[in-house]
Amino acid sequence: MTLYWLKYKGTLFPIHQGDCLLGRSPECPVVLASERVSREHAVVRRIHSGLEIEDLASRNGTWVNGARIRYPTVLEPGDEIELGEDLLEVVIQQNARVPETVSGVSSPVGQETERQRQALEDVEKALARLDPAEDFRAAAHRFRPAVDQLIERQSEWGLLLAPEEARRLAKVARTLALWADNGQFDRWVQGVLQRLTPGAPPAD
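Residues numbered from 1 in each chain as written. Predicted model: local features only at pLDDT ≥ 70, side-chain atom pairs only at ≥ 80, totals over all residues. Heavy atoms only, no water.

So, the overall build of the chain
Scanning the chain from terminus to terminus reveals 4 helices and 11 strands. Sequence-distant contacts, at least 24 apart, represent 49% of the contacts inside the chain between residues at least 6 apart. Carbon and sulfur atoms make up 49% of the accessible area of the chain, which amounts to about 11400 Å² in all. (Helix = DSSP H or I, 4+ residues; strand = E, 2+ residues; numbered from the N terminus. Contact = heavy atoms within 4.5 Å. Areas by Shrake-Rupley, 256 points an atom, 1.4 Å probe, with all protein chains shown as cover.)

Pasting the structure below:
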């Protein structure tokens, strides 16, 4: 099986079927930080031969390996995409090992995505069930590893939660940071937000 990714600031973003928008809009699957990047700057899509990228009439253009592209352009492993000051690398993994489902149909991405969604829901439900008399500072320290594990699983698999799910996880992290007194989690929550959405603003 061949897996396709874009590597941005150390994080691997998977390219599935359909369009993968690149830009500053928080609705883009890959959110970029540069002010010279348009809200919807370019699109990477799967084609029969691999991947291609197309500029979406952006203000400052899309560059591949130092050359500005004018038309949809096929991407190869190791290609560098430049949008504003942001650089992305094309990563293609051939013959990736894929665990099988009970039915024998290979679907590792779907399985792992569902596990991440379930883990997020479990944390949210656990927080909602806390008694008002609970020691919330202690609860923050107790639940922080669950958030860390979710983030690590995403990095390990190169997956990102859907934008709405990422916002929910960011809300959980901010809540825990509020519960931890004296700004103990301030740097941590900023790191969580940065890994969820590169270029995200610091926590309030």
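Next comes the rest of the description.
Overview of helix 3 (residues 163-179)
The terminal C-alpha atoms of helix 3 lie 25 Å apart, and with 17 residues this matches the ideal 24 Å at 1.5 Å per residue to within 8%. When we look at burial in helix 3, the residues that qualify are Glu165, Ala166, Leu169, Ala170, Val172, Ala173, Leu176, Ala177 and Trp179. (Expected span 1.5 Å × (residues − 1). Buried < 20%, exposed > 50% of the residue type's maximum accessible area, 1.4 Å probe, protein only.)

Quick look at the sheet that holds strand 6 (residues 50-55)
The strand order across the open sheet built from 5 strands is 4-3-5-6-9, with neighbouring strands paired in mixed fashion. Here the strands that pair on one side only, and so sit at the sheet edges, are strand 4 (30-31) and strand 9 (73-75). Pairing of strand 6 with strand 9 involves 3 bridges; the strand directions are antiparallel. Residue pairing across strands places Leu51 opposite Leu75, the latter belonging to strand 9. (Pairing = 2+ DSSP bridges.)

Topic: the sheet that holds strand 10 (residues 80-83)
Overall, antiparallel pairing links the 6 strands, which are arranged 2-1-11-10-7-8 in an open sheet. On the outer flanks of this sheet lie strand 2 (11-14) and strand 8 (67-68), each paired with one strand and no other. Where strand 7 (residues 63-64) meets strand 10, 2 bridges bridge the pair, whose relative direction is antiparallel. Across the sheet, residue Val64 finds its bridge partner in strand 10, namely Ile81.

With respect to the side chain of Glu52
Relative to the helices and strands, Glu52 is located in strand 6. A distance of 2.9 Å separates the side chain of Glu52 from the side chain of Arg45, its partner in a polar contact. Not counting the four nearest positions on each side in its chain, Glu52 is found in contact with Val43, Val44, Arg45, Ile47, Pro72, Thr73, Val74 and Leu75. (Polar contact = N/O pair within 3.5 Å; in protein donor to acceptor, adjacent residues only side chain to side chain.)

Quick look at the packing of aromatic side chains
Under the defined criterion, the tally for this structure stands at 2 aromatic pairs. Relative to Trp179, the ring of Phe136 lies with its centre 4.7 Å away and its plane at 75°, an arrangement referred to as edge-to-face. Placement of the pair is Phe136 in helix 2 (residues 136-157) and Trp179 in helix 3, with a sequence separation of 43 residues. Ring centres of Phe185 and Trp188 lie 5.3 Å apart, and the angle between their planes is 65°; this geometry places the pair in the edge-to-face category. By relative accessible area, which is 2% here, Phe185 ends up buried. (Phe/Tyr/Trp six-rings, centres within 6.5 Å; stacked < 30°, edge-to-face > 60°.)

With respect to the packing of helix 3 against helix 4 (residues 186-196)
The axes of two packed helices give the description: the angle between them and the distance between them. Interaxial distance between helix 3 and helix 4 falls to 9 Å at its minimum, and their mutual angle equals 175°. The pairing of helix 3 with helix 4 is recorded here as roughly antiparallel in orientation. In this structure, helix 3 contributes Ala166, Leu169, Ala170, Ala173, Arg174, Leu176 and Ala177 to the contact, and helix 4 contributes Trp188, Val189, Val192, Leu193 and Leu196. (Axes fitted to C-alpha atoms, helices over the stretch in contact; angles between N-to-C directions. Parallel < 35°, antiparallel > 145°, perpendicular 65-115°, else oblique.)

Structural notes on the pattern of salt bridges
Two side chains with opposite charge may pair up if their charged atoms get near one another. On inspection of all chains with the given rule, the structure shows 9 salt bridges. The partner of Glu165 in a salt bridge is Arg117, and the shortest N-O contact between them spans 2.8 Å. Taken together, the residues Glu165 in helix 3 and Arg117 in helix 1 (residues 108-128) connect sequence positions 48 residues apart. Overall, the relative accessible area of 32% leaves Arg117 in the partly exposed class. With a closest N to O distance of 3.4 Å, Arg142 and Glu134 form a salt bridge. Judged by relative accessible area, which is 29%, Glu134 ranks as partly exposed. (Salt bridge = Lys/Arg side-chain N within 4 Å of Asp/Glu carboxyl O.)

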